[in-house]
Amino acid sequence: MQVQQNVSLKQYNTFGIDVTAQSFASFSSLDELEALTEYKQELSSINKISPLLILGGGSNLLFTKNVDGLVLKNELKGIELVNEDADYCYVKASAGEAWHTFVEHCIANNYAGLENLSLIPGNVGASPMQNIGAYGVEIKDVFHELQAYNINEKTIVKFSNAECKFGYRESIFKNEVKGQYIILNVTYRLRKNPLFNTSYGAINTELERMGAKELTIQNISQAVINIRTNKLPNPKEIGNAGSFLKNPQVSKFRWHVIWEEYPDVAAYKVDDLHYKLAAGWLIEKCGWKGFRRGDAGCHAKQALVLVNYGGASGQEILDLSDEIIKSVKNKFGVDLEREVNII
Ligand code: FAD
Ligand code: EPU
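First, a word on scope: everything that follows refers to the structure included in this document. Note that the structure is a prediction, hence the values are computed from the model and not measured.

### Here's the deal with the environment of Q180
Then, number 1: In this structure, Q180 sits in the loop between β11 (155-160) and β12 (181-191).
Then, number 2: For Q180 and N150, which are 30 residues apart along the polypeptide, the C-alpha to C-alpha distance reads 5.9 Å.
Then, number 3: Setting aside its immediate chain neighbours within four residues, Q180 contacts Y149, N150 and I151.

As structure tokens, this is what we get:
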């Protein structure tokens, strides 16, 4: 454990934005984490450093300026089967494990429930932050509990599924207790007998294309990987953080107004009064898909993904997202909200 000064964060964020952290360290044990948070508090008390940023895989944030504080890279490792009963295995993973490595471990051991969440970038520790979701499954469906370190009180606290207050791309950690906890590990409740979820149409189509003879968690995982690889830009090739904005929920009235003019609107019914609209469709209809200004752009295959072709600044990408939000509001009267954390 070593605290370095003026460290470039370019390799630590999937957008590939080149900003500097005033101080940077990684931790691979609780002792190291405690020592580093104490160091941070000592510096804060003499007013030298204030903010603390916990970094996982850096795949859900956009740096718009240098970080005038301490960045801590989470390197806690370990995966363990901690309990089981007739139906479930309880598997605990440390926050610094790469998410997809953990998913692969579970699939290899026939722990079912994470297959639809294959190939999401980032680390285990961030998975509850925004209740990651894809292809009909969200983390809340398999989450059992987590342990987190309370930075001010220096205590370790457990959070149950209900206590995390999960919502669509939301949790208590993005809201009421924002910035107060460092997630140390997460325990997932995974099925011994799989409950296959192929509700997302593209999965069945891909399984057929693959010639899959039976439904298995391995086949579903492979189908999801194929769909994702085909549609989403690989951050190693083009900088991005996945969907930049959330899919908005609107009133039935608003949906109906849009549907009358555009019967092809990508939307689904939430309840009798609300519809969810595909933000990618709205953005595409405003003409942004494939747009590029300098090195900031809107991906040509998925309009919801903003990209950095190499040298864009975080501010340029943020400005582009502002223009997109305004044009969707003007054309459709719909407010879009950012999904990515702006730093
Ligand atoms: P980071 O970006 O490092 O951090 C995200 C936030 O969580 C930051 O505020 C950070 O401070 C905080 N944080 C991280 N770790 C901890 C911790 N241990 N304790 C406390 N706070 C912490 N997301 C989806 O939900 N579904 C998708 O299908 C999806 N697809 C994607 C595809 C691509 C190509 C990319 C680049 C991203 C995609 N994402 C998706 C977004 C992203 O992968 C997830 O949000 C992921 O969980 C972020 O993990 P991370 O470790 O990279 O988090
Ligand atoms: N669409 C368009 N044009 C586009 C993009 C999408 O018309 O440019 C339409 C599609 O045709 C489809 C609908 O929008 O009818 C939905 O598209 P897609 O299946 O690609 O999913 P999404 O709603 O754009 C969400 C998540 C993704 C997740 C996928 C799969 C959000 C904000 N995004 O995207 O999550 O992988 O569903 O479940 O909810 C992420 O969070 O970073 C992320 C990638």
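### Some remarks on helix α7 (residues 314-332)
Then, number 1: For α7, spanning 19 residues, the distance from its first C-alpha to its last is 27 Å, which sits close to the expected 27 Å at 1.5 Å a residue.
Then, number 2: Buried residues of α7: G314, I317, L318, L320, S321, I324, I325, S327, V328 and F332, and no others.
Then, number 3: Packing partners of the buried residues in α7 comprise β4 (61-62), α5 (252-261), α6 (279-285), β18 (296-298), β19 (305-308) and β20 (341-342).
Then, number 4: One or two steps after α7, the chain reaches G333, where phi turns positive at roughly 70 degrees.

### Digging into the site of ligand 2
Then, number 1: Near ligand 2 there are 22 residues, and of these Y135, Y200, E284, Q302 and E339 occur at the shortest range.
Then, number 2: At a separation of 2.9 Å, an oxygen atom of ligand 2 approaches a polar side-chain atom of R169.
Then, number 3: G280 has a polar backbone atom sitting 3.5 Å from a nitrogen atom of ligand 2.
Then, number 4: For ligand 2, whose free accessible area comes to 830 Å², the fraction covered by protein is 79%.

### Thoughts on the site of ligand 1
Then, number 1: Within the structure, ligand 1 sits among 34 residues, and I54, G56, S59, G133 and R228 are positioned closest to it.
Then, number 2: Interatomic distance of 3.3 Å between a side-chain N/O atom of N74 and a nitrogen atom of ligand 1.
Then, number 3: Across the complex, the protein chains shield 93% of the 990 Å² of accessible surface that ligand 1 would expose by itself.

### Things to note about the sheet that holds strand β6 (residues 79-84)
Then, number 1: Read across the sheet, five strands follow the order β6-β7-β12-β10-β11 without closing on themselves; strand pairing throughout is antiparallel. Whereas interior strands pair on both sides, the edge strands pair on one side only; in this sheet they are β6 and β11. Pairwise comparison of adjacent strand axes, ignoring direction, gives a mean angle of 20 degrees for this sheet.
Then, number 2: Two elements, strand β7 (residues 88-94) and β12, share seven bridges in a ladder whose sense is antiparallel. Counterpart to C89 in the pairing with β12 is L190.
Then, number 3: Of the strands in this sheet, β6, β7 and β12 are in contact with helix α2 (residues 99-108), which crosses β12 at around 25 degrees.

### Section: the packing of helix α3 (residues 201-210) against helix α4 (residues 217-231)
Then, number 1: One way to put it is that α3 packs onto α4 with a least axis distance of 9 Å and a crossing angle of 105 degrees. When the axis of α3 is compared with that of α4, the two are roughly perpendicular. Contact residues: A202, I203, E206, L207, R209 and M210 in α3; N219, I220, Q222, A223, V224, N226 and I227 in α4.
Then, number 2: Residue composition of the contact of α3 with α4, grouped by class: eight nonpolar, three polar and two charged.

### A word on the pairing of strand β3 (residues 52-55)
Then, number 1: Where burial is concerned, the two faces of β3 differ: the one with L53 and L55 is buried and the one with L52 and I54 is not.
Then, number 2: Note: β3 against strand β5 (residues 67-74), four bridges, orientation parallel. By the bridge assignment for β5, L52 is matched with L70.

How each quantity is defined
- Residues numbered from 1 in each chain as written.
- Chains lettered and ligands numbered in written order.
- Predicted model: local features only at pLDDT ≥ 70, side-chain atom pairs only at ≥ 80, totals over all residues.
- Heavy atoms only, no water.
- Helix = DSSP H or I, 4+ residues; strand = E, 2+ residues; numbered from the N terminus.
- Contact = heavy atoms within 4.5 Å.
- Expected span 1.5 Å × (residues − 1).
- Buried < 20%, exposed > 50% of the residue type's maximum accessible area, 1.4 Å probe, protein only.
- Near = heavy atom within 4 Å.
- Polar contact = N/O pair within 3.5 Å; in protein donor to acceptor, adjacent residues only side chain to side chain.
- Areas by Shrake-Rupley, 256 points an atom, 1.4 Å probe, with all protein chains shown as cover.
- Pairing = 2+ DSSP bridges.
- Axes fitted to C-alpha atoms, helices over the stretch in contact; angles between N-to-C directions.
- Parallel < 35°, antiparallel > 145°, perpendicular 65-115°, else oblique.
- Nonpolar A, V, L, I, M, F, W, Y, C, P; charged D, E, K, R; others polar.

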